[in-house]
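Structure at a glance
One letter stands for each residue in the lines below.
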Amino acid sequence: MSEARHWRQHREGGSRFAYRVIRLLALHGGRRFGRLLMYPVTLYFFLRRGAERRASRQYLARVFGRSPGPWPMLRQFHAYAVTTLDRIFLLAHGERGFAIEIEGLAELERRIAEGRGVLLVGSHQGSFEALRVLSARRPDVPLRVVLDKSRTPAMTELLEALAPDVGAAVIDAAQGGAHVVLAAAEACRQGAMVALLADRAGEHEAQRAVDFLGAPAQLPVGPWLLANALKVPVLLCFGLYLGGNRYRLVFEPFAERVAIPRGQRGPALDALLTRYAQRLEHYVRVAPYNWFNFHDFWQRPGGDPASV
Amino acid sequence: MAELTPAQHELATLIVESLNLEAVDPAKIDPDAPLFGGELGLDSIDALEIALAVSKRYGFQLRSDHPDNQRIFASLRGLSTFVEAHRASG
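Residues numbered from 1 in each chain as written. Chains lettered and ligands numbered in written order. Predicted model: local features only at pLDDT ≥ 70, side-chain atom pairs only at ≥ 80, totals over all residues. Heavy atoms only, no water.

1. What about empty space enclosed by the protein?
Per the counting criterion, the structure on display carries one cavity of 30 Å³ or more. In this structure, the largest cavity occupies an estimated 60 Å³ of space. Every residue lining the largest cavity is listed: A:L182, A:A185, A:E186, A:R189, B:L48, B:A51, B:L52, B:S55, B:Q61 and B:L62. Looking at the lining of the largest cavity, the elements that each hand over two or more residues are α8 (177-189) of chain A together with α2 (47-58) of chain B. Classifying every residue of the lining of the largest cavity by side-chain character gives six nonpolar, two polar and two charged. (1 Å grid on protein atoms, 1.4 Å probe; cavity = no way out; pocket = protein on both sides within 12 Å on 5 of 7 lines; lining within 4 Å. Points joined across faces, edges and corners; volume = space filled by probe spheres on them. Helix = DSSP H or I, 4+ residues; strand = E, 2+ residues; numbered from the N terminus. Nonpolar A, V, L, I, M, F, W, Y, C, P; charged D, E, K, R; others polar.)

Rendered as structure tokens:
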């Protein structure tokens, strides 16, 4: 299967130009107009992106236990299009016009109040931008997102244009692990929330395989080594899209402190990754169409794709 | 392999002790070998522990926004050069 590519070789969900056009149309035409646009956009991407279509089929087959027809795949593509559109509104106007329920806020606030900083670990499920709502409600707590600026130019441009405060506070992963860990530690000393996504590894980043939806999938170990170094409370964070204008932002305590003894890194990492993967699975069951990893998630390191 | 200078040896000892690298002899660290991802078994994330140990011992901060961080953390030689240039006098 020559189409099996590393996710980093996949294009970002849209070109910078497309993002700019959609941003313009959406902000001038409003969300209702933008949502209408998303139907042809969904169909366009569905027809044009073979690799993403295969990834969707593979994922949905694992979730539902049978090969999906086009309808569930279209639903997944459409959810991705809508949440991508909603990013623009969430970043530009916060929660205005949305119905966003927050679960686990008390747990999060208790840990923020400790003043040591917190690490929020998410995934490419739903909308991480729903977090923006929180930073609007708690402007006193800085939010610093770890993002590889060189790999996500369209997203970076969007952030810097619509939410300059969040954009300026991005910790750029392209500058290397030493930069990320020092910047994250400085942020935590100020009591900040540091947020990152932990379900995609860089091509040369260390990863380990754990069971996910019935087959081994490679997950990056970096986020957990970071948690170990920071010694701050870790919460999982998901911004699930529920349809219409509804989102559910979930904060789930994961560990008061992640400890990875140097001599037992392997087993300690496997235990953490397994727990993380189990929680991803849980939210896959809660919101199956929120899965936005449109690449072969079960690809083995050598580039040899796992068969379904 | 280059012989370690006294400053490099002191820093190597600090790293080995603060990171509990029990199997590593500080005197045998190659000053030009990559600090992270090499034989020491260190990950770039370990930069935080090194930075904390350096600030305690030498009295200055290694900061995330230093433009030369990649060079500073590239090798024992790079880190030692930086430490020697910035350590609190005395």
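2. Quick look at the pattern of salt bridges
All names here are of chain A. Overall, the coordinates contain 27 salt bridges over all chains when judged by the stated rule. A salt bridge links E107 to R110; the shortest N-O distance between them is 3.8 Å. Placement of both E107 and R110 in helix α4 (residues 105-113) is noted, with a separation of three residues, approximately one turn of the helix. Relative accessible area serves as the criterion here: at 32%, E107 is assigned to the partly exposed category. E107 is paired through a salt bridge with R111; the nearest N and O atoms lie 3.0 Å apart. (Salt bridge = Lys/Arg side-chain N within 4 Å of Asp/Glu carboxyl O. Buried < 20%, exposed > 50% of the residue type's maximum accessible area, 1.4 Å probe, protein only.)

3. Describing the packing of aromatic side chains
What describes a pair of aromatic rings is the distance from one ring centre to the other and the angle between the planes of the rings. All names here are of chain A. Within the structure shown, the criterion is met by 20 aromatic pairs over all chains. Taking the centre distance of 6.3 Å and the plane angle of 45 degrees together, the rings of F64 and Y289 count as tilted. Of this pair, F64 sits in helix α2 (residues 50-64) while Y289 is found in the segment after α10 (265-286), placing the two residues 225 residues apart along the sequence. Above the face of the W298 ring, R62 is positioned so that its terminal group lies 4.7 Å from the ring centre. One cation-aromatic arrangement involves R275 over F254; the distance from NZ or CZ to the ring centre is 3.8 Å. (Phe/Tyr/Trp six-rings, centres within 6.5 Å; stacked < 30°, edge-to-face > 60°. Lys NZ or Arg CZ within 6 Å of the ring centre and 35° of its normal.)

4. Regarding the sheet that holds strand β9 (residues 246-255) of chain A
Residue and element names in this part refer to chain A. Spatially, seven strands are ordered β1-β9-β8-β2-β5-β3-β4 in an open sheet, and the strand pairing comes out mixed. Looking at strand neighbours, the two that pair on one side only are β1 (99-103) and β4 (171-172), the edges of this open sheet. Pairing geometry for β1 and β9, over five bridges, is parallel. Note that in β9 the partner of E103 across the bridge is V250. Together, β1, β2 (118-122), β5 (193-197), β8 (234-243) and β9 form the strand contacts of α4, whose direction differs from that of β2 by roughly 145 degrees. (Pairing = 2+ DSSP bridges. Contact = heavy atoms within 4.5 Å. Axes fitted to C-alpha atoms, helices over the stretch in contact; angles between N-to-C directions.)

5. Observations concerning the environment of A:L105
All names here are of chain A. For L105, the position within the fold is in helix α4. The class for L105 is partly exposed, based on a relative accessible area of 23%. When the C-alpha positions of L105 and Y289 are compared, they lie 24 Å apart, and in sequence the two are 184 residues distant.

6. Some details on α4(A)
All names here are of chain A. Among the residues of α4, L108, R111 and I112 are the ones counted as buried. All buried residues of α4 fall inside an arc of 105 degrees around its axis, so they share one side. In α4, the exposed positions that point more than 90 degrees away from the buried face belong to A106 and A113. The elements touched by buried residues of α4 are β2, α5 (131-137), β5, β8 and β9. G115 sits one or two positions beyond α4 and adopts a positive phi of about 80 degrees. (Arc of directions from axis to C-beta.)

7. Remarks on the layout of surface pockets
Residue and element names in this part refer to chain A. What the second largest pocket holds in volume is close to 390 Å³. Taken together, 17 residues make up the lining of the second largest pocket; nearest its centre are R75, H78, A79, Y241 and Y289. Of all elements in the fold, only α1 (16-48), α3 (70-93) and β8 reach the threshold of two or more residues within the lining of the second largest pocket. Of all the elements, α3 adds the most residues to the lining of the second largest pocket, at five residues. Each residue belonging to the lining of the second largest pocket can be placed in one class, and the counts come to 11 nonpolar, four polar and two charged.

8. Focus on the interface of chain B and chain A
Each partner contributes residues to the interface: chain B has 20 residues there, and chain A has 20 residues. Three residues, B:I45, B:L48 and B:S64, lead the burial of chain B against chain A; their summed loss comes to 44% of the area buried on that side. At the boundary of chain B and chain A, one finds four salt bridges. The salt bridge involving A:R262 is made with B:D46; its shortest N-O contact spans 3.1 Å. Seen at the junction of chain B and chain A, the total is six residue pairs in polar contact (both at pLDDT 80 or more). Elements with a contribution of two residues or more to the side of chain B that touches chain A: α2 and α3 (69-72) of chain B. (Buried area = accessible area lost by both parts, 1.4 Å probe. Polar contact = N/O pair within 3.5 Å; in protein donor to acceptor, adjacent residues only side chain to side chain.)

Function cannot be read off these values alone, since they describe shape.
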